[in-house]
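Take a look at the letters that make up each chain.
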Amino acid sequence: MRVLVVEDEVQLADAVARGLRREGMAVDIAYEGNEGYGKASIIRYDVIVLDRDLPGMSGDEMCRRLTEEGVLTRVIMLTASNTVSDKVAGLAIGADDYLTKPFAFAELVARVRALGRRTTPAAPPVLAAGDLILDPAKRTVTRSGRKIDLTRKEFGILETLLTAQGAVVSSEELLDRVWDEHADPFTTTVRVTMMTLRRKLGEPALIDTVVGAGYRIDPAALVAGAALRR
Ligand code: CA
């Protein structure tokens, strides 16, 4: 899941980003409204955590523009005030959810996760292929009941491929979904992470390489996984 945090209070922005990264999300930060709008226009984020009171472009204005442009990203607004009229105004301009400062971090994480799920409604709560089960909420992966420890990137790749349900996902798409903007697109990051991921998942292999196109979960394994869960 890829998230943009737009917040001018640097310490708060950094703390939120750190916390969301710990949850396995790829997080970018903008400390100013125009910068945030620029990023949101270029990169397809699943969720934007948007402070309402920002220098440059205000949170309201940014939200209004993104909605007008048909950007599908879900927006959760952070605000200092908690009056009903503020809340109604925020939702009216296209925010999907609303959180009043100060907030409990666990609450923010839960809301961001819920919004992220709404972006990809087809994703079932637990993803499976063959004897492999990935639980996005618990962030666990097991194969034949044996727990497999994955790094955040490895987990992100596996989650993206499983969500794609056997469709081919390109390296660029993986880089876009799993890495944040500091990733160097000219490195072999995806290939290297794919190698360690495959090694950890073991045999029989679950991830196919489709030459010149990308990667996919072996469709036969998906069928087996669906049967297993019934
Ligand atoms: Ca602010």
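Coordinates for the structure precede this section.
Cut-offs applied
- Residues numbered from 1 in each chain as written.
- Predicted model: local features only at pLDDT ≥ 70, side-chain atom pairs only at ≥ 80, totals over all residues.
- Heavy atoms only, no water.
- Phe/Tyr/Trp six-rings, centres within 6.5 Å; stacked < 30°, edge-to-face > 60°.
- Lys NZ or Arg CZ within 6 Å of the ring centre and 35° of its normal.
- Pairing = 2+ DSSP bridges.
- Helix = DSSP H or I, 4+ residues; strand = E, 2+ residues; numbered from the N terminus.
- Donors = N, O, S within 2.8 Å, 3.2 Å for Na, K, Ca; no water.
- Buried < 20%, exposed > 50% of the residue type's maximum accessible area, 1.4 Å probe, protein only.
- Salt bridge = Lys/Arg side-chain N within 4 Å of Asp/Glu carboxyl O.

Colleague: Honestly, the packing of aromatic side chains in this entry has me stumped. Any pointers?
Modeller: Ring pairs (aromatic) are described by centroid distance and by the angle formed between their planes. What the rule picks out here adds up to zero aromatic pairs. In this structure, Arg65 packs its charged tip against the face of Tyr37, placed 5.3 Å from the ring centre.

Colleague: I keep staring at the sheet that holds strand β9 (residues 146-147) and nothing clicks. Help me out?
Modeller: In any sheet, the strands associate via hydrogen bonds between backbone groups, in a parallel or an antiparallel arrangement. Read across the sheet, four strands follow the order β6-β7-β8-β9 without closing on themselves; strand pairing throughout is antiparallel. Every interior strand has two partners, whereas the edge strands, β6 (127-129) and β9, have only one. With two bridges joining them, strand β8 (residues 140-143) and β9 adopt antiparallel strand pairing. From the neighbouring strand, Arg143 faces β9, where its bridge partner is Arg146.

Colleague: I'm lost on the coordination of the calcium ion in this one. Help?
Modeller: Around a metal, the perfect tetrahedron of four donors has angles of 109.5 degrees, and the perfect octahedron of six donors has angles of 90 or 180 degrees. Looking at the calcium ion, one finds its protein donor set to be Asp8 (OD), Asp51 (OD) and Asp53 (O), positioned 2.2 to 2.4 Å from the metal centre. Spacing between the donor residues of the calcium ion along their common chain follows D-x42-D-x1-D. Of the two residues, Asp8 sits in the loop between β1 (2-6) and α1 (10-22) while Asp51 sits in strand β3 (residues 47-51), which places them 43 residues apart along the sequence. Under the relative-accessibility criterion, Asp8 is labelled partly exposed at 29%. Residue Asp51 is classed as buried on the basis of its relative accessible area of 3%.

Colleague: Can you help me understand the pairing of strand β11 (residues 214-217) in this one?
Modeller: Looking down a regular strand, the side chains alternate between one sheet face and the other. Alignment of strand β10 (residues 207-210) against β11, held across four bridges, turns out to be antiparallel. The residue bridging Thr209 from the neighbouring strand is Tyr215, located in β11. Where β10 hands over to β11, the hairpin turn is made up of three residues, of which Gly212 adopts a positive phi near 80°.

Colleague: Looking at this structure, I do not really get the pattern of salt bridges. What am I missing?
Modeller: Close approach of charged atoms lets side chains of opposite charge pair. Considering all chains together, one arrives at 20 salt bridges under this definition. For Glu35, the salt bridge identified is with Lys39, shortest N-O distance 3.3 Å. In this pair, Glu35 and Lys39 both sit in helix α2 (residues 33-42), four residues apart, roughly one turn of the helix. With relative accessibility at 13%, the residue Lys39 sits in the buried group. For Asp51, the salt bridge identified is with Lys101, shortest N-O distance 3.1 Å. Remark: Lys101 occurs in the loop between β5 (97-100) and α5 (105-119) and Asp51 occurs in strand β3; sequence separation between them is 50 residues. By sharing partners, the salt bridges in this structure join Glu7, Glu9, Asp51 and Lys101 into a single network.

Function cannot be read off these values alone, since they describe shape.
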